[in-house]
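Chain by chain, the residues:
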Amino acid sequence: MAHVRYVAIGDSFSEGVGDDLPDGRQRGWADLVAQGWANATGSRVEYANLAIRGKLIWPIVAEQLEPALALRPTHLSFNGGGNDMLRPRADIEHIADAFTRVLQRCDEEGVTLILLSGANPSPHLPLGGLIQRRGDALSRAVLRRAEGRDDVVRALNWPDGELSTAPFWSHDRLHMNARGHHRVAARVLDALGLAAPEDWWQLPWDAASGPRGWRYYREHVGPWLRRRLTGTSSGDGREAKYAAWTPVDPSGPAAG
């Protein structure tokens, strides 16, 4: 395989929120893909990740796409729209149009697009039925925009019913935990035609439960609502964790 230069753009899903390492850093499926890619091919992968939590989809395109393409990647992964779907007047077609723009720019620059749908958190969230309907509609709209494009790598997580179950989610119920991020990474590697470590699909589960009832609303829903009311974002002031190429060398069996 030719030398791989892989860059991820997006929001908290691609940044890796929920996959917390002991030193406080957050890893996530894109980091795992880079390491798994290097391990599977036995070659160094150059990796960058410009994703920032809390971003709406068109700001992702406006702020991250061109800097990512300026790195001259061979592959670019893109996901977004989860934060948009939670807004009261979400325009699904306008959200999906962002995928058309990203695909167009990747075509112009000769970059292979890795198209992801996010995992489905709706079974665990307030207004889960509304989120499910909007997510279904967004998935259909995005797939229409990539119809007939066999060169686009598809890693579709929204239809994965098992990934929607509690063992794959962090205590806030909105972001995947390490188990969920590993499953998504395995799906991306599989879509690339690479062998993922088999246990990435089903890591052991720590069954410790998160906050319930009013405690859950106080710790997680309340802060989210305050950000909506004040027009702030969890990503305000944050910088990309890997804004320039970071070398990822093969390490034998990828670490879980």
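Residues numbered from 1 in each chain as written. Predicted model: local features only at pLDDT ≥ 70, side-chain atom pairs only at ≥ 80, totals over all residues. Heavy atoms only, no water.

Undergrad: Now, about the packing of aromatic side chains: what can you tell me, with residues and values included?
TA: Evaluated as defined, the whole model comprises five aromatic pairs. Judged by centre distance (5.6 Å) and plane angle (45 degrees), the rings of Phe13 and Trp29 are tilted. Within this pair, whereas Phe13 is found in helix H1 (residues 12–15), its partner Trp29 is found in helix H2 (residues 29–41), the two being separated by 16 residues in sequence. Of the residues examined, Phe13 reaches a relative accessible area of 11% and is grouped as buried. Exposure remark for Trp29: the relative accessible area of 0% places this residue in the buried category. Above the face of the Phe168 ring, Arg179 is positioned so that its terminal group lies 4.4 Å from the ring centre. (Phe/Tyr/Trp six-rings, centres within 6.5 Å; stacked < 30°, edge-to-face > 60°. Helix = DSSP H or I, 4+ residues; strand = E, 2+ residues; numbered from the N terminus. Buried < 20%, exposed > 50% of the residue type's maximum accessible area, 1.4 Å probe, protein only. Lys NZ or Arg CZ within 6 Å of the ring centre and 35° of its normal.)

Undergrad: How would you explain the packing of helix H5 (residues 92–109) against helix H6 (residues 128–145) if you had to name every residue and give the values?
TA: The interhelical angle for the contact between H5 and H6, taken along N-to-C directions, is 35 degrees, at an axis separation of 9 Å. The hand of the H5/H6 crossing is right-handed. For the pair H5 and H6, the contacting residues are Ile92, Glu93, Ile95, Ala96, Asp97, Phe99, Thr100 and Leu103 in the first and Arg134, Ala137, Leu138, Ala141, Val142, Arg144 and Arg145 in the second. (Axes fitted to C-alpha atoms, helices over the stretch in contact; angles between N-to-C directions. Left-handed = near helix turned anticlockwise from the far one by under 90°. Contact = heavy atoms within 4.5 Å.)

Undergrad: Describe the sheet that holds strand S4 (residues 112–117), naming the residues involved and giving the relevant values.
TA: Spatially, S5-S4-S3-S1-S2-S6 is the arrangement adopted by the six strands of the open sheet, whose pairing is mixed. The open sheet has two edge strands, strand S5 (153–156) and strand S6 (242–248), and neither has a second partner. Averaged over all neighbouring strand pairs, the angle between strand axes comes to 20 degrees, with direction disregarded. (Pairing = 2+ DSSP bridges.)

Undergrad: Now, about the environment of Leu194: what can you tell me, with residues and values included?
TA: In this fold, Leu194 is placed in the loop between helix H7 (178–191) and helix H8 (213–230). The class for Leu194 is buried, based on a relative accessible area of 12%. The spacing of Leu194 and Gly36 is 158 residues in sequence and 8.5 Å in space, taken between C-alpha atoms.

Undergrad: Kindly report on unusual backbone geometry, identifying the contributing residues and their values.
TA: One can expect most non-glycine residues to show negative phi and most peptide bonds to be in trans. Phi angles above zero are rare outside glycine, and Arg72 is one such case at about 60 degrees. If you trace the backbone, Arg72 turns up in the loop between helix H3 (57–70) and strand S3 (75–78). Among the residues examined, Arg72 registers a relative accessible area of 61% and is labelled exposed. For Leu127, which is not glycine, the phi torsion reads 60 degrees and is therefore positive. Checked against the element boundaries, Leu127 lands in the loop between S4 and H6. Under the relative-accessibility criterion, Leu127 is labelled exposed at 64%.

Undergrad: Give me the lowdown on the pattern of salt bridges, citing residues and values where you can.
TA: The full count for this structure, using the stated rule, is 18 salt bridges. The salt bridge involving Glu93 is made with Arg145; its shortest N-O contact spans 2.7 Å. With Glu93 in helix H5 and Arg145 in helix H6, this pair connects stretches of sequence that are 52 residues apart. On the basis of relative accessible area, Arg145 is assigned to the partly exposed category, the value being 21%. Measuring nitrogen to oxygen at the nearest pair gives 2.7 Å for the salt bridge that ties Asp160 to Arg183. (Salt bridge = Lys/Arg side-chain N within 4 Å of Asp/Glu carboxyl O.)

Undergrad: Summarise the packing of H3 against H5; cite the residues concerned and give the values.
TA: Look at H3 against H5: their axes get within 10 Å of each other, and the N-to-C directions meet at 10 degrees. Judged by the angle between their axes, H3 and H5 are roughly parallel. Contact residues: Ile57, Trp58, Val61, Leu65, Glu66 and Leu69 in H3; His94, Ile95, Asp97, Ala98, Phe99, Arg101, Val102, Arg105 and Glu109 in H5. Residue classes in the contact of H3 with H5 are distributed as nine nonpolar, one polar and five charged. (Parallel < 35°, antiparallel > 145°, perpendicular 65-115°, else oblique. Nonpolar A, V, L, I, M, F, W, Y, C, P; charged D, E, K, R; others polar.)

Undergrad: Could you give an account of the side chain of Asn39, naming the residues involved and the relevant values?
TA: You can see Asn39 is positioned in helix H2. From its side chain, Asn39 meets the backbone nitrogen of Ser251 in a polar contact 2.7 Å long. (Polar contact = N/O pair within 3.5 Å; in protein donor to acceptor, adjacent residues only side chain to side chain.)

Undergrad: Explain the side chain of His75 to me, using residue names and the numbers behind them.
TA: Tracing the sequence through the fold places His75 in strand S3. Once you skip the residues sitting within four places of it in the chain, His75 turns out to touch Val4, Arg5, Tyr6, Val7, Trp37, Val111, Thr112, Ile114 and Leu192.

Undergrad: Go over H5, please, and point to the residues and values.
TA: Helical geometry: 3.6 residues make up each α-helical turn, so side chains three or four residues apart lie on a common side. The terminal C-alpha atoms of H5 lie 27 Å apart, and with 18 residues this matches the ideal 26 Å at 1.5 Å per residue to within 8%. Buried within H5 are the following residues: Ile92, Ile95, Ala96, Ala98, Phe99, Val102, Leu103, Arg105 and Cys106. Summarising the axial view, the buried residues of H5 lie within an arc of 165 degrees, below the 170-degree limit, and thus occupy one face. Where H5 starts, the residue carrying a side-chain oxygen 3.3 Å from the main-chain nitrogen of Glu93 turns out to be Asp91. (Expected span 1.5 Å × (residues − 1). Arc of directions from axis to C-beta.)

So far we have only geometry, and geometry alone does not tell us how the molecule works.
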